[in-house]
Amino acid sequence: MTLLTDDPVAAMRDRHREAAAGLPYTRVSGHRIGGVETTATSPVTSPVVDPATGEEWGSVPEADEAVVDAAVAAARAAQPQWAARAPSERADLLRRMADAVERRADVLSITNTLENGSPVSETAGAAANAASILRVFASLASHLEAGDVRAFPTGGAETVVAQDPIGVAALIAPWNFPINLVVIKLAPALVAGCAVVIKPAGPTPLSIRFLLDAADEAGIPPGVINLITGEGATGELLVRHPGIDKVAFTGSTPVGRRIAAACGELLRPVTLELGGKSTALVLPDADLDAMSKVLIRSSMRNTGQTCYISTRLVTTPDRYDELVDMVTATVAAAPVGDPLDPSTVFGPVATFAQRDRVLGYIRAGVAEGARATVGGDVPEPIPGGAFVAPTVFADVTPDMTIAREEIFGPVITLLRADSIDAAVDIANDTPFGLGGIVFGGDEDAAFRIARRMDTGSVGVNMFASNHYAPFGGRHDSGLGVEYGLEGLAAYLTPQSVHRRVR
Ligand code: NAD
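Quick caveat: nothing in here was measured; it's all calculated off a predicted structure.

It is worth spelling out the side chain of Thr-279 at this point. Position of Thr-279 relative to the elements: it lies in strand β12 (residues 278-282). On the accessibility criterion, Thr-279 (1% relative accessible area) is buried. A distance of 3.1 Å separates polar atoms of two side chains, one belonging to Thr-279 and the other to Arg-312. Residues contacting Thr-279, with those up to four places away along its chain left out, are Ser-310, Arg-312, Val-314, Ala-427, Gly-436, Ile-437 and Met-453.

Right, here's the structure in full:
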């Protein structure tokens, strides 16, 4: 395409319009239930807005009660036959699905970027990551093949502990990683033998369709995976539906509490992956050059919209100024711009509401006395989009709002602690307990400090998810875990069959 303008904002808009015009899913009029595209029963639709330009480029229907009923009924109809298949057969289908997802990597990436502004440098890996999760859970299917036999302590009898699928699962996802945060639930559910109903977040309802296409291509039977779109009211109908046996939710802590209350009343098993406010603890012997190379990914990944990132950096006074200089220089050097440009590190935040929320926190930081060394309450970097200038706050104290609440935008805070013990106390003085990192030259000493962090996951000089290891939050960051055998267990219900030893 020849750009007809020298105006970079207009050029970006043209590039995005052209990208959207080439996508298979833009204006969708139904839901995906029982393997077919259904007609929406409600006239209400939600727009899909490109946060880089503010332009609407797609829309989806809002599922009402009739649609939720139909999706749950389709899942319930498919469930028995899916559960009756051998785990190894389900695993083979997951592996085929993984290959089919990878074949859709490009179109999935562009759709995801236009939905939530995640830079393509991030979304380009979404299909490969999804495929990896599917393959890891396929590899865990062998654990379901035979019942585990346990002797009675008194002898003479034994118990076969068999695992049954927990039933039909509702999978409810947020908008920051719309593929990963569904696959992390879908893969264990499928291996366990559960049928599912997926409800993606309002801003990101389209990219998920490529997962369903991949499942169809792989031969996963119709009705095993159903997709309905809508906002919180649709999610609430799904959570409370009598045909749902388990709820898996990733999202904010307030909504998680509401879902937990509903599930408590209904005695319905629930997994909750919620918000966070994690800390990077920088020890006196930390290598700041090495840290600068992982800083953006570990503390501001996805334009700061990642649940586990360590957005509070705490160090002792001897390293504080050096840390402020390194962090300021690293963030200032990271390109902000068109999320479709592969060199972009910071795109827009996902929605205009999120931009306003993040700007509110930046203003609170300034008002409470923090010092912005880069960014701050400045004009938006690119007009017309939901852009926020990446911001580093120094001279932050633990009681400031920006040190305590989850901002979910490109903002990090730098705190001083009098000692390593005081730094650990600051790290643990939060209602959340999701992630964290310890940066230190002596990795054994750093590991010992890591074990003192009261969080579900913590890294030493790095942070990454291991699909074989549990991931979850403590305290206000959630209930239960995802990934690994522990994540698979959330979709299983054991049956103990006692018998005499023959
Ligand atoms: P959100 O809680 O507003 O929405 C999440 C999902 O829940 C959406 O699909 C939404 O439509 C649905 N929903 C809203 N109200 C509902 C209700 N009453 N009943 C059922 N469903 C309802 O979260 P968000 O703004 O989309 O995502 C950002 C939040 O997600 C952040 O707090 C972030 O930390 C958290 N998050 C956590 C993890 C984790 O693994 N712990 C991962 C990513 C994001």
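From this point, things continue past the structure.
As a further point, take the nonpolar core. Counting residues in hydrophobic clusters, the biggest one holds 99 residues, and the most contacted among them are Met-97, Ile-225, Val-327 and Val-331. For this core, the element with the highest residue contribution is helix α7 (residues 180-192), accounting for 10 residues. Domain assignment of the residues forming this core places at least three in each of domain 1 (12-274 + 478-494) and domain 2 (278-466). Discounting residues that sit within four places of it in the chain, Val-331 has contacts with Leu-295, Ile-296, Met-300, Phe-346, Val-374, Pro-390, Val-392 and Ile-412.

Turning to the site of the ligand, a few remarks are in order. Taken together, 28 residues lie near the ligand, and Ala-173, Glu-236, Ser-252, Leu-274 and Glu-406 sit nearest. Burial of the ligand by the protein amounts to 89% of the accessible area it has alone, namely 850 Å². Judged by the fraction of its atoms near the pocket grid, the ligand is located in the largest pocket. Elements that contribute at least two residues to the shell around the ligand include exactly α9 (232-240), β10 (246-250) and α10 (253-266). Looking at side-chain class alone, the shell around the ligand contains 15 nonpolar, seven polar and six charged residues. The residue makeup of the shell around the ligand includes at least three contributed by each of domain 1 (12-274 + 478-494) and domain 2 (278-466).

You can read the domains of the protein chain as domain 1 (12-274 + 478-494) and domain 2 (278-466). Counting from both sides, the interface comprises 27 residues of domain 1 and, opposite them, 32 residues of domain 2. Looking at the side of domain 1 facing domain 2, the largest losses of area belong to Pro-51, Pro-119 and Trp-175, adding up to 24% of the total buried there. Residue Glu-122 is joined to Arg-301 by a salt bridge in which the shortest nitrogen-to-oxygen separation is 2.6 Å. Scanning the region where domain 1 abuts domain 2 turns up nine residue pairs in polar contact (both at pLDDT 80 or more). For the side of domain 1 that touches domain 2, the secondary structure elements donating two or more residues are α1 (8-21), α4 (105-116) and α5 (120-123). Broken down by class, the residue content of the side of domain 1 that touches domain 2 amounts to 14 nonpolar, 10 polar and three charged.

What follows concerns helix α6 (residues 126-139). For α6, built from 14 residues, the straight-helix expectation of 20 Å at 1.5 Å per residue is met to within 8% by its first-to-last C-alpha distance of 20 Å. Structurally, α6 contributes buried residues whose contacts are with α3 (87-102), α4, α5, α7 and α18 (484-489).

Once that is clear, we can look at the packing of aromatic side chains. Inspection of every chain in the model, using the stated rule, returns four aromatic pairs. Between Tyr-308 and Phe-463, the ring centres sit 4.7 Å apart and the planes meet at 20°, which makes this aromatic pair stacked. In this pair, Tyr-308 sits in the loop between α12 (301-304) and β13 (310-315) while Phe-463 sits in the loop between β18 (459-460) and β19 (478-479), placing the two residues 155 residues apart along the sequence. By the burial criterion, Tyr-308 is buried, and Phe-463 matches it.

Moving on: empty space enclosed by the protein. Scanning the model with the defined rule gives four cavities of 30 Å³ or more in all. Of the voids in this model, the largest cavity is the one considered here, and its volume is about 70 Å³. In terms of lining residues, the largest cavity is bounded by Arg-32, Gly-35, Leu-212, Ala-215, Asp-216, Ile-220, Pro-221, Pro-222, Gly-223 and Ile-225. The element contributing the most residues to the lining of the largest cavity is helix α8 (residues 209-218), with three residues.

Attention now moves to the sheet that holds strand β6 (residues 157-165). Here three strands make up an open sheet; going across it, the order is β5-β6-β20 and the pairing antiparallel. The open sheet terminates on both sides in strands that have one partner only, identified here as β5 (148-151) and β20 (492-500). Each strand axis lies, on average, 25° off the axis of its neighbour in the sheet, ignoring direction. Both β5 and β6 contribute to a ladder of four bridges, which runs antiparallel. Within the sheet, the bridge partner assigned to Val-149 lies in β6 and is Val-160.

Three or more residues of helix α17 (residues 443-450) are buried, namely Ala-446, Ile-449 and Ala-450. All buried residues of α17 lie within an arc of 105° about the axis, which places them on one face of the element. Across α17 from its buried face, at more than 90 degrees, point the exposed residues Asp-444 and Arg-448. At the N-terminal end of α17, a side-chain oxygen is found 3.1 Å from the backbone nitrogen of Asp-444, two or three residues along, and the residue is Asp-442.

Pairing is mixed across the open sheet formed by seven strands, whose spatial order is β14-β15-β16-β13-β12-β17-β18. Of all strands in the sheet, those with a lone pairing partner are β14 (371-374) and β18, marking the two edges. Relative to β13, helix α11 (residues 288-299) is tilted by about 150°, and along the sheet it contacts β12, β13, β16 (411-416) and β17 (437-439).

Positive phi values are uncommon outside glycine, yet Thr-303 reaches one of about 55°. Tracing the sequence through the fold places Thr-303 in helix α12. Take Thr-303: its relative accessible area is 2%, and that puts it in the buried class. Positive phi, normally seen in glycine, also occurs at Tyr-483, with a value near 70°. For Tyr-483, a relative accessible area of 3% gives the class buried.

Before going further, it helps to examine the environment of Val-374. Inspection of the secondary structure assignment puts Val-374 in strand β14. Those residues in contact with Val-374 that lie beyond four places of it in its chain are Thr-328, Val-331, Ala-332, Pro-390, Thr-391 and Val-392.

Thresholds, definitions, all that
Residues numbered from 1 in each chain as written. Predicted model: local features only at pLDDT ≥ 70, side-chain atom pairs only at ≥ 80, totals over all residues. Heavy atoms only, no water. Helix = DSSP H or I, 4+ residues; strand = E, 2+ residues; numbered from the N terminus. Buried < 20%, exposed > 50% of the residue type's maximum accessible area, 1.4 Å probe, protein only. Polar contact = N/O pair within 3.5 Å; in protein donor to acceptor, adjacent residues only side chain to side chain. Contact = heavy atoms within 4.5 Å. Core = buried A, V, L, I, M, F, W, Y, C linked by side-chain atoms within 4.5 Å. Domains from an automatic or database assignment. Near = heavy atom within 4 Å. Areas by Shrake-Rupley, 256 points an atom, 1.4 Å probe, with all protein chains shown as cover. 1 Å grid on protein atoms, 1.4 Å probe; cavity = no way out; pocket = protein on both sides within 12 Å on 5 of 7 lines; lining within 4 Å. Sits in = over half its atoms within 2 Å of the grid points. Nonpolar A, V, L, I, M, F, W, Y, C, P; charged D, E, K, R; others polar. Buried area = accessible area lost by both parts, 1.4 Å probe. Salt bridge = Lys/Arg side-chain N within 4 Å of Asp/Glu carboxyl O. Expected span 1.5 Å × (residues − 1). Phe/Tyr/Trp six-rings, centres within 6.5 Å; stacked < 30°, edge-to-face > 60°. Points joined across faces, edges and corners; volume = space filled by probe spheres on them. Pairing = 2+ DSSP bridges. Axes fitted to C-alpha atoms, helices over the stretch in contact; angles between N-to-C directions. Arc of directions from axis to C-beta.

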